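Here are the chains, one letter per residue:
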Amino acid sequence: MGIDASIRNQFPILDQQVNDRKLVYLDSAASSQKPLVVINAIDDYYKTIHSNVHRGVHTLGTRATDAYEGARENVRRFIQAQHHEEIIFTRGTTTAINIVASSYGMEHVEEGDEIVVTYLEHHANLIPWQQVAKRKKAKLKYVDLTADGRVTVEAVEAQLSDRTKIVAMAHVSNVLGTINPIKEVARLAHARGAVMVVDAAQSAPHQRINVTDLDCDFLAFSAHKMCGPTGVGVLYGKKALLNAMEPVEFGGEMIDYVGLEESTFKPSPYRFEAGTPIIAGAVGLSAAIDFLEEIGLENVEAHERELAQYAMAQMRDIDGLTIYGPEERVGLVTFNLGDVHAHDVATVLDMQGIAVRAGHHCAQPLMRWLGASSTARASFYLYNTKEEVDALVTGLRQTKEYFSHGF
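Here the structure is a predicted model, which is why all the values come from computation and not from measurement. (Residues numbered from 1 in each chain as written. Predicted model: local features only at pLDDT ≥ 70, side-chain atom pairs only at ≥ 80, totals over all residues. Heavy atoms only, no water.)

A. Focus on the overall build of the protein. When you go through the protein residue by residue, the secondary structure sums to 14 helices and 17 strands. Relative to the compact-globule value of 22 Å for 407 residues, the protein shows a C-alpha radius of gyration of 22 Å, a close match. Each principal axis of the C-alpha distribution contributes one length, and for the protein these read about 75 × 55 × 35 Å. In the protein, once contacts between residues fewer than 6 apart in sequence are set aside, the share between residues at least 24 apart is 71%. Just so you have it, the protein exposes about 17000 Å², and 49% of that area is on carbon and sulfur atoms. The positive charge centre, built from 38 side chains, and the negative charge centre, built from 52, are 3 Å apart in the protein. (Helix = DSSP H or I, 4+ residues; strand = E, 2+ residues; numbered from the N terminus. Rg over C-alpha atoms; globule rule 2.2 N^0.38 Å. Contact = heavy atoms within 4.5 Å. Areas by Shrake-Rupley, 256 points an atom, 1.4 Å probe, with all protein chains shown as cover. Lys, Arg positive; Asp, Glu negative; His and termini not counted. Charge placed at Lys NZ, Arg CZ, Asp CG, Glu CD.)

B. Spotlight on the UniProt feature "domain: Aminotransferase class V" (unreviewed entry) in the protein. Mapped onto this structure's residue numbering, the UniProt feature "domain: Aminotransferase class V" (unreviewed entry) falls at residues 24-392. Strand forms 18% of residues 24-392 and helix 40%; the C-alpha atoms that close the span are 8 Å apart. (UniProt positions renumbered as here; feature names shortened; annotations may be inferred.)

C. Layout of the nonpolar core. The biggest cluster of nonpolar side chains holds 77 residues, and the ones touching the most others in it are Ile79, Phe89, Met196, Leu219, Phe221, Met226 and Leu382. Here this core takes eleven residues from helix 10 (residues 279-295), the largest share from any one element. In terms of domain composition, this core takes at least three residues from each of domain 1 (5-30 + 296-405) and domain 2 (39-294). For isoleucine 79, the residues in contact, after removing those within four places along its chain, are Ile87, Ile209, Asn210, Val211, Phe221 and Tyr236. In this structure, Ala308, Ala311, Ala376 and Leu396 belong to the second largest nonpolar core, which totals 26 residues. (Core = buried A, V, L, I, M, F, W, Y, C linked by side-chain atoms within 4.5 Å. Buried < 20%, exposed > 50% of the residue type's maximum accessible area, 1.4 Å probe, protein only. Domains from an automatic or database assignment.)

D. Local environment of empty space enclosed by the protein. All chains considered together, the criterion is met by one cavity of 30 Å³ or more. Taken as a whole, the largest cavity spans an internal volume of roughly 70 Å³. Residue assignment places the lining of the largest cavity across two domains, with domain 1 (5-30 + 296-405) and domain 2 (39-294) each supplying three or more. (1 Å grid on protein atoms, 1.4 Å probe; cavity = no way out; pocket = protein on both sides within 12 Å on 5 of 7 lines; lining within 4 Å. Points joined across faces, edges and corners; volume = space filled by probe spheres on them.)

E. Region of the structure containing the layout of surface pockets. Put simply, the largest pocket is a space of about 400 Å³. Contributing to the lining of the largest pocket are 26 residues, with Ala29, Ala30, His122, Lys225 and Cys362 lying nearest its centre. Mapped by element, the contributors of at least two residues to the lining of the largest pocket are helix 4 (93-108) and strand 16 (357-359). A per-element tally of the lining of the largest pocket places helix 4 first, with three residues. Of the residues belonging to the lining of the largest pocket, the class tally is nine nonpolar, twelve polar and five charged. Residues lining the lining of the largest pocket come from more than one domain, with at least three contributed by each of domain 1 (5-30 + 296-405) and domain 2 (39-294). In this structure, the second largest pocket occupies an estimated 320 Å³ of space. As for the second largest pocket, its lining consists of 17 residues, and the residues nearest its centre are Phe89, Thr90, Thr95, Glu249 and Phe272. Secondary structure elements with two or more residues in the lining of the second largest pocket: strand 4 (87-90) and helix 4. Top contributing element to the lining of the second largest pocket by residue count: helix 4, with four residues. Split into classes, the residues belonging to the lining of the second largest pocket amount to eight nonpolar, five polar and four charged. (Nonpolar A, V, L, I, M, F, W, Y, C, P; charged D, E, K, R; others polar.)

F. Summary view of the pattern of salt bridges. Within the structure shown, the criterion is met by 25 salt bridges. A salt bridge links arginine 72 to glutamate 273, with the shortest nitrogen-to-oxygen separation between them at 2.9 Å. Taken as a pair, arginine 72 in helix 3 (residues 59-79) and glutamate 273 in the loop between strand 12 (263-265) and helix 10 lie far apart in primary sequence, 201 residues in all. Each member of the pair, arginine 72 together with glutamate 273, is buried. Aspartate 113 is the salt-bridge partner of arginine 163, the closest N and O atoms lying 2.9 Å from each other. With arginine 163 in the loop between helix 6 (153-159) and strand 7 (164-170) and aspartate 113 in the loop between helix 4 and strand 5 (114-118), this pair connects stretches of sequence that are 50 residues apart. (Salt bridge = Lys/Arg side-chain N within 4 Å of Asp/Glu carboxyl O.)

G. Representation of the sheet that holds strand 10 (residues 233-237). Here we have seven strands laid out as an open sheet, ordered 4-10-9-8-7-5-6, and mixed in their pairing. Each edge of the open sheet carries a strand with a single partner, namely strand 4 and strand 6 (139-143). Averaged over all pairs of adjacent strands, the angle between strand axes in this sheet comes to 20°, irrespective of strand direction. Relative to strand 10, strand 4 runs antiparallel, the two sharing four bridges. (Pairing = 2+ DSSP bridges. Axes fitted to C-alpha atoms, helices over the stretch in contact; angles between N-to-C directions.)

H. Quick look at the packing of aromatic side chains. Enumeration according to the criterion identifies nine aromatic pairs in this entry. Relative to phenylalanine 89, the ring of tyrosine 68 has its centre 5.2 Å away and its plane inclined at 45°; by these criteria the two rings are tilted. Residue tyrosine 68 is located in helix 3, and its partner phenylalanine 89 is located in strand 4; the two are separated by 21 residues in the primary sequence. Pair check on accessibility: tyrosine 68 and phenylalanine 89 agree, each one buried. A network of ring pairs unites the aromatic residues Phe11, Phe291, Tyr381 and Tyr383 as a single cluster. Its end group placed over the ring of tyrosine 310, lysine 386 keeps NZ or CZ at 5.1 Å from the ring centre. (Phe/Tyr/Trp six-rings, centres within 6.5 Å; stacked < 30°, edge-to-face > 60°. Lys NZ or Arg CZ within 6 Å of the ring centre and 35° of its normal.)

Right under this line is the structure:
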């Protein structure tokens, strides 16, 4: 599949002991680890070309600007956007969605209008829309899920009306691994005159995205989930929409003319990048994109899905273990082990060097839909192995045994 041990060896953090056990890192859906090529790219940037961008005529300023704008072009190509002006660097997915909500949402949603979301949403793609609905006296509508946690086109269509202004949906659920039919939903939204906002935080690291083919109006993702650095992400928006939106932050670089009473602003992307931008982060993200594309996102996706299916097949043999979500999914498995609290499961696994996520996963409405206060989640990435899945399953059996016999 194009994934071998040499790839794993490029992630130095994985070569360590945790609690006297070999580290098994199964929490990449929260944040992935970083390959040397990304670490070195950021290191080289600070060592050799760092300067502020766009504002200077000296050599370092030019080199830094070229690196920063080169990263923008690399992102544009990566998601197959049509224009580099459609790529805005942000602090991450959360900031990107908040920009859309605070600018487009507040400008276009009126009293009585509707915003359509799903029960699958991460809080980052829910709370901003709650705030818009509250402030504009609009209605927030939820798409019903199938029994195994999928979104159907029919269920979306049932929630749409002529008052629908925004449809906001995760491309992939961070809890269930559900893959949503974004292209079909975008078509339905546009037929109602609404815009389509996509949270791609859990899809961009694992599969090819073509925003032109999806025909979404806005799309957001974060670098740190796809082998890149923390503190940087991307907002894609259609050029005409972005240029018609008001900025949400004001200051240097985003201005065109500044008078004593009024100012005018540059077009996108700069109108949304006030102040000194996230230069080193953009450089690191660009290096991460190159790294993933060299391996092949098709290979990454196939590897993760194989691990998830391998894990589920073994986990189903553990009495009392519940797996949540559909059979068809990306590379993660969310589960509960009988009556053992997810935090206790994660703690005992950590004692064995195994890192999984436990809690509500920033998706409290979905937890209530599942009837669970919290769950544990094992998520896989290109550096994980079947041997690590075996270690997880062994750890879960030991955890079950531990709690069955009490303390």
